[in-house]
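A closer look at the structure
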Amino acid sequence: MRAPTSPARAPERLTRWLVTLPPTLFLVVFFLVPAVIMAAASFRQPGEFGGLAPLAQGGLGLEAYRFVFEDVIYAWILAKSFAVAGLTTALCLLLAYPLALLIARSPRRRRNLLVLLVILPFASNLLIRVYAWIIILGPLNLLYSPVAVIAGMVYVHLPFMILPLYTNLEKHDPALLEAAQDLGAGTWTRFRRVTLPLSLPGILSGSALVFIPVLGMFAIPELLGGTGDLLIGNLIKEQFLDNRDWPLGATLSLLLTVAVLAVAAITAGFARRRKEAP
Amino acid sequence: MALLEIRNVTKRFGSLEAVKEVSIAIEAGEFFTLLGPSGCGKTTILRMIAGFDAPDEGELFLDGRPLSGIPPEKRPVHTVFQSYALFPHLTVAGNIAFPLEMAGKSRDEIRRRVNETLALVHLEDKGGAYPDELSGGQKQRVALARGLVNRPRLLLLDEPLGALDAKLRERMQVELIALQREVGVTFVFVTHAQQEALALSHRIAVMKEGRVEQLDVPEVLYSSPRNRFVANFIGTINLIDVEVREASRQGLRLAAAGLGEIAAPPQAGATAGARGTLALRPEHIRLSPPSEKPELKNHFAGTIREYLYLGDVTVYKVALDNEVLLEALATNGAPGRARFHEIGDRVNVAWRHDAGAYLAS
Ligand SMILES: Nc1ncnc2c1ncn2[C@@H]1O[C@H](COP(=O)(O)OP(=O)(O)OP(=O)(O)O)[C@@H](O)[C@H]1O
Ligand SMILES: [Mg+2]
């Protein structure tokens, strides 16, 4: 029995390599390498006309980091960005959950149409859709306020919450709800004890898909927010395009990445603990 | 008064009548079985008892009180689903605790009853496991424990053994009987496996196309089926076309083409001249070598056509001289002498005058 297994295994391993190599290469070239370049840039000096000063001239240093950590405004803007992202995620969840549930519980033939309607906004350009909000919010006297920013953020990111939630809810076995009802659970209890806990993975991935892009988003705060509503995304963009301080921009975006990874790690740990809890 | 009374219930899905004028009374403590082929309406009846479907006509009564308008979560009726429907995000103990939590029991009582019930289904060490870590038989037991833990008035079981392999199925049947006797909960059991129904039930309702064809204890269903459908559905049976020569309180004298006269037990409603069927169980037929003098009243000459050796028994297909093919069952009692007859052997085919049942057609 031992002899046939080893030759059968070798092609299997080769296939695994061939299949996983392209995506791995892609990630290394377009994610890992830029991240390393970005990290390296944060220790360099800004060039005279933008870009980076030649290494021989500027050398390496922690100026950009000192600059960020000395001025409390950067921490404040980062905190505000997290608050906006958190609030946007919460609002998206509140709006998306009933919608996703409605789609998942409609007749199978109608579901595809409803999903199509959810992703239909992607058919037009993001900026055009945000400009539409200027026209809506202008007469309401809400333009250039935090409310406008949040409204725009929620609107743009709602589909990213609906789709993972729907994908999760659609897979739930209806027999589980019948079993719960049969064993004495009313409508609300069935939701709380069966649907909600089973949809946690959908909630987590939807939240990540909203929270992380909102953190880096600069177009919406720029168009709908007032001058006081700069978020971390705007700040980073400014360093690269307007202030031409690449090291500072690199430092800020590196800090943002670290903060996002920390949040992701905490969430993942939380999810794992829930699963392991007796 | 019956625990559950199903009175004249009809259920339609569009133009299809899934259940037709069914009336059944189930007594407290009974192991009651609905038996019938696929699509005959068994699940539909269970769903009406559980409250997931409402009858279009008729009414169901529990302890004499009508059930209509009471939602499933308020009925003292629990179901063991064919797919088990265990909650994947809860442990075995969490699943079993669920109905107790719904009933608002105290934490101490929940812990105690969950442990008791785990012991009842022999899963003491699996309380902390998740359903996807269990084998089919273990899942089955968890589903049973969850249905029983809060002692419902009625436990509905929809083909609960359907997904198990033959060996495990047999073992679960034995456990199911013991469990029902131990907890005293009334079971309404659904199956399309006739042997399972015979083995487990106090009473069986045999269903066909939404109707109850016969409702009785297993022995009567087996020995006195009311019609060809029931006779065929329960066990194997030989059917011989006959005409009634003479009917009396002592018995029937039947005539079969090419065979001559057959004596059969009395049957109400059989009148001389009527045409019908004689239903005869294979184990009631005795085969013997032509050299032995037959001592039974019904005896005919035949030829062995085929046999099927099954270990404990051998099934013979034997053709009578009028080309009627009968199945006969011989117990292989004596060791080392499994088969008595070979293909082509001439044999005497005999059965007692009180064996078989006459079915009017
Ligand atoms: N929700 C429904 N809508 C339409 N027809 C249905 C519905 N439920 C059941 N039926 C039909 O009613 C009939 C009886 O179905 P039921 O499920 O009660 O059969 P069953 O005896 O349980 O069969 P099986 O042994 O295959 O489970 C079938 O013809 C089925 O197609
Ligand atoms: Mg069924």
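Residues numbered from 1 in each chain as written. Chains lettered and ligands numbered in written order. Predicted model: local features only at pLDDT ≥ 70, side-chain atom pairs only at ≥ 80, totals over all residues.

1. Considering the overall build of chain A
Looking only at helices and strands, chain A features 13 helices and zero strands. Secondary structure elements in chain A, listed N-terminal to C-terminal, are α-α-α-α-α-α-α-α-α-α-α-α-α. Dimensions along the principal axes, computed over C-alpha positions, put chain A at roughly 75 × 75 × 40 Å. When each of the 278 residues of chain A is scored for burial, the buried share is 26%. Considering only contacts in chain A between residues 6 or more positions apart, those separated by 24 or more positions represent 70%. (Helix = DSSP H or I, 4+ residues; strand = E, 2+ residues; numbered from the N terminus. Buried ≥ 20, exposed ≤ 12 C-beta atoms within 10 Å, placed from the backbone. Contact = placed C-beta atoms within 7 Å.)

2. Some remarks on the confidence of the model for chain A
Here chain A shows a mean pLDDT of 87. Residues at 70 or above account for 95%. Note that residues 1–5 of chain A has pLDDT below 50 and, in this model, zero contacts with residues that lie over four places away or in other chains. (pLDDT = per-residue confidence, 0-100.)

3. Points about helix α1 (residues 42–50) of chain B
Residues and elements named next belong to chain B. With respect to burial, α1 is a largely interior element, nine of its nine residues being buried. Within the span of α1, buried status applies to K42, T43, T44, I45, L46, R47, M48, I49 and A50. Immediately downstream of α1, the backbone of G51 shows phi near 105°, a positive value.

4. Comments concerning the domain arrangement of chain A
Residue and element names in this part refer to chain A. Here chain A is described as being made up of domain 1 (5–58) and domain 2 (72–276). Placing the centre of domain 1 and that of domain 2 at their C-alpha centroids yields a distance of 29 Å. Listed by partner, the interface residues are ten residues for domain 1 and eight residues for domain 2. (Domains from an automatic or database assignment.)

5. Thoughts on the nonpolar core
General note: in soluble globular proteins, nonpolar side chains tend to be found buried as a group. Counting 99 residues, the largest nonpolar core has I49(B), I96(B), L156(B), V188(B), V206(B) and V349(B) as its most contacted members. A per-element tally of this core places helix α2 (residues 92–102) of chain B first, with six residues. Among residues more than four places away in sequence, those in contact with I49(B) are L4(B), L60(B), V77(B), L154(B), L156(B) and V188(B). Counting residues in each nonpolar core, the second largest holds 36 residues, with V84(A), L165(A), I220(A) and L231(A) among its members. (Core = buried A, V, L, I, M, F, W, Y, C linked by C-beta atoms within 7 Å.)

6. Details of the sheet that holds strand β8 (residues 186–191) of chain B
All names here are of chain B. Strands sit in the order β6-β7-β8-β3-β9-β10 across an open sheet of six strands; the sheet is mixed. Strands with a single pairing partner mark the edges of an open sheet, and in this sheet they are β6 (77–80) and β10 (211–216). Averaged over all pairs of adjacent strands, the angle between their axes in this sheet comes to 20°, without regard to strand direction. Relative to β8, strand β7 (residues 154–158) runs parallel, the two being bridged by five bridges. The partner of L155 across the bridge, within β8, is F187. Along the sheet face, α1 touches β3 (31–35), β6, β7, β8 and β9 (203–208) and points at about 150° away from the line of β7. Sheet strands in contact with helix α4 (residues 136–148) are β6 and β7, and its direction is about 175° off that of β6. (Pairing = 2+ DSSP bridges. Axes fitted to C-alpha atoms, helices over the stretch in contact; angles between N-to-C directions.)

7. Describing the sheet that holds strand β15 (residues 286–288) of chain B
All names here are of chain B. Spatially, five strands are ordered β15-β19-β16-β17-β18 in an open sheet, and the strand pairing comes out antiparallel. Of all the strands in the sheet, the pair left with one neighbour each is β15 and β18 (325–331). The sheet shows a mean angle of 45° between the axes of neighbouring strands, taken without regard to direction. In this sheet, strand β17 (residues 313–320) lies alongside strand β16 (residues 298–309) in antiparallel orientation, the contact comprising seven bridges.

8. Looking at the environment of R66(A)
All names here are of chain A. Of note, R66 is situated in helix α3 (residues 63–70). Taking the C-beta count within 10 Å as the criterion, R66 has 11 such neighbours and is therefore assigned exposed. Note: C-alpha distance between R66 and L248 (182 residues apart in sequence) is 9.9 Å.

9. Side note on the site of ligand 1
Residues and elements named next belong to chain B. In the vicinity of ligand 1, the contacting residues are F13, L16, A18, G36, S38, G39, C40, G41, K42, T43, T44 and H192. Contributions of two or more residues to the shell around ligand 1 are made by β2 (16–26) and α1. The element that contributes the greatest number of residues to the shell around ligand 1 is α1, accounting for three residues. When the residues that make up the shell around ligand 1 are grouped by side-chain class, the tally is four nonpolar, seven polar and one charged. (Near = placed C-beta within 6 Å. Nonpolar A, V, L, I, M, F, W, Y, C, P; charged D, E, K, R; others polar.)

10. A closer look at the domain arrangement of chain B
Residues and elements named next belong to chain B. Annotation of chain B at the domain level lists domain 1 (4–231) and domain 2 (236–360). Placing the centre of domain 1 and that of domain 2 at their C-alpha centroids yields a distance of 39 Å. Tallying the contact residues gives five residues for domain 1 and six residues for domain 2. Looking at the side of domain 1 that touches domain 2 residue by residue, the classes come out as two nonpolar, two polar and one charged.

11. Observations concerning the interface of chain B and chain A
Of the residues lining the interface, 17 residues belong to chain B; the matching set on chain A comes to 15 residues. For the side of chain B that touches chain A, the elements supplying multiple residues, two or more each, are β6 and α2 of chain B. The element best represented in the side of chain B that touches chain A is α2(B), accounting for three residues. In the side of chain B that touches chain A, the residues fall into ten nonpolar, six polar and one charged.

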